[in-house]
Amino acid sequence: MALILGSKECELREILLKNKPDEMLKISSKATVPVLKLPNSVLDESLDIISWALDSPVSKLHLYSEEQELLSKEIVQLFDSKFKYHLDRYKYSYRYENNPELHQKECSIMLANLDAKINSSPWIFGTQISLLDISILPFIRQCKIADPDWFSNQDFTKVIDLLDHFESCDLFNHAMQKYDLWDPRKNNGILFP
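The rules behind these values
- Residues numbered from 1 in each chain as written.
- Predicted model: local features only at pLDDT ≥ 70, side-chain atom pairs only at ≥ 80, totals over all residues.
- Heavy atoms only, no water.
- Helix = DSSP H or I, 4+ residues; strand = E, 2+ residues; numbered from the N terminus.
- Rg over C-alpha atoms; globule rule 2.2 N^0.38 Å.
- Buried < 20%, exposed > 50% of the residue type's maximum accessible area, 1.4 Å probe, protein only.
- Contact = heavy atoms within 4.5 Å.
- Areas by Shrake-Rupley, 256 points an atom, 1.4 Å probe, with all protein chains shown as cover.
- Axes fitted to C-alpha atoms, helices over the stretch in contact; angles between N-to-C directions.
- Parallel < 35°, antiparallel > 145°, perpendicular 65-115°, else oblique.
- Left-handed = near helix turned anticlockwise from the far one by under 90°.
- Phe/Tyr/Trp six-rings, centres within 6.5 Å; stacked < 30°, edge-to-face > 60°.
- Lys NZ or Arg CZ within 6 Å of the ring centre and 35° of its normal.
- Salt bridge = Lys/Arg side-chain N within 4 Å of Asp/Glu carboxyl O.
- Polar contact = N/O pair within 3.5 Å; in protein donor to acceptor, adjacent residues only side chain to side chain.
- Core = buried A, V, L, I, M, F, W, Y, C linked by side-chain atoms within 4.5 Å.

Q: Looking at this structure, I do not really get the overall build of the protein. What am I missing?
A: The secondary structure content of the protein amounts to nine helices and four strands. Secondary structure elements of the protein occur, N-terminal to C-terminal, as α-β-α-β-β-α-α-α-α-α-α-α-β. Against the compact-globule benchmark of 16 Å for 193 residues, the protein has a radius of gyration of 18 Å, which places it among compact chains. Considered along the principal axes of its C-alpha atoms, the protein spans approximately 50 × 45 × 25 Å. Per-residue burial for the protein yields a buried fraction of 38% across its 193 residues. Sequence-distant contacts, at least 24 apart, represent 66% of the contacts inside the protein between residues at least 6 apart. Put simply, the protein shows about 11700 Å² of open surface, and 50% of that area lies on carbon and sulfur atoms.

See below:
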């Protein structure tokens, strides 16, 4: 989504995490996605890639007030660390020896706190999508996917409405298109966006 909003073009190489190509492993020992190979560096953290993509005068994002920028940084940090920690242990409880209900509850608390901070629509800060929206909504979507019935019956209704809008917007649908797997022998990467 950041690539689309920042009008940054790259070659997309769709892979399966259970069958990571050697070419990916050579450029990033983390072996996670996304990975962005630039001429002089490699970015393998989502937030770094988002920052790179949106460092553009043509970026189509909401411009923050000072207060919104501080709030955004706080919420993005919370979701990238604490929320993700609990989400992984809730969604993938079979990988961890833990109580998934405890982690689901922690996610619910953070979503309820976010809900209390949302004062506009359809996006967190109004009519235009922001860095905050594209940074945290994928995490919230994963929380919903883990148990859609539970998620839709929670009291954080503004978060639910926000996610519904996100999942139906053109930006999300464009970013979530399915692509053929990249084959290093064919070098069948796709120019994106």
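Back to the text.
Q: Hey, could you run me through the packing of helix α5 (residues 100–117) against helix α6 (residues 131–146) in this one?
A: The packing of two helices is summarised by the inter-axis angle and the distance between the axes. Where α5 contacts α6, the two axes come as close as 12 Å, and the packing angle between them is 135°. Regarding the angle of α5 to α6, the classification is oblique. In the crossing of α5 with α6, the sense of the turn from one axis to the other is left-handed. Contacts from C107, L111 and L114 in α5 reach I136, I140 and C143 in α6.

Q: Before we go on, may I ask you to explain the packing of aromatic side chains in this structure?
A: In this structure the tally under the stated criterion is eight aromatic pairs. Between Y179 and F192 the ring centres are 6.3 Å apart and the planes differ by 90°, which places this aromatic pair in the edge-to-face class. Note that Y179 is positioned in the loop between α9 (170–175) and β4 (190–192) and F192 in strand β4, a separation of 13 residues in sequence. Accessibility expressed as a relative area gives 8% for F192, which makes it buried. Taken together, the ring pairs in this structure connect Y90, W150, F151 and F156 into an aromatic cluster. Stacked on the ring of W52, the Lys or Arg K8 has its end atom at 4.2 Å from the ring centre.

Q: Please clarify how the pattern of salt bridges should be interpreted in this entry.
A: Two side chains of opposite charge can pair, provided their charged atoms sit close to one another. Under the criterion given, the structure shown has eight salt bridges. Taking the shortest distance from any N to any O, the salt bridge between D88 and K84 comes out at 3.0 Å. Linking D88 with K84, this pair stays in helix α4 (residues 66–91), spanning four residues, or about one helical turn. A salt bridge links E167 to R141; the nearest nitrogen and oxygen atoms lie 3.4 Å apart.

Q: How should the environment of K158 be read in this particular structure?
A: For K158, the location among the structural elements is in helix α8 (residues 157–168). Sequence separation between K158 and P193 is 35 residues, and the spatial gap between their C-alpha atoms is 30 Å. Here I118 takes part through its backbone oxygen, which lies 2.9 Å from a polar atom of the side chain of K158.

Q: Quick question: what am I supposed to make of the side chain of D44 here?
A: Looking at where D44 falls in the secondary structure, it is placed in the loop between β3 (42–43) and α3 (46–54). Among the polar contacts listed, one links the side chain of D44 to the side chain of S28, at a separation of 2.9 Å.

Q: Just to check I follow, could you spell out the nonpolar core for this structure?
A: A general feature of soluble globular proteins is that nonpolar side chains tend to end up buried together. Membership of the largest hydrophobic core comes to 46 residues, with the highest contact counts inside it found for F79, F83, L111, I136, I140, C143 and F151. For this core, the elements supplying multiple residues, two or more each, are α1 (2–5), α3, α4, α5, α6, α7 (148–152), α8 and α9. Here this core takes seven residues from α6, the largest share from any one element. With residues near it in sequence (within four places) discarded, I136 still touches I75, V76, F79, L114 and I124.

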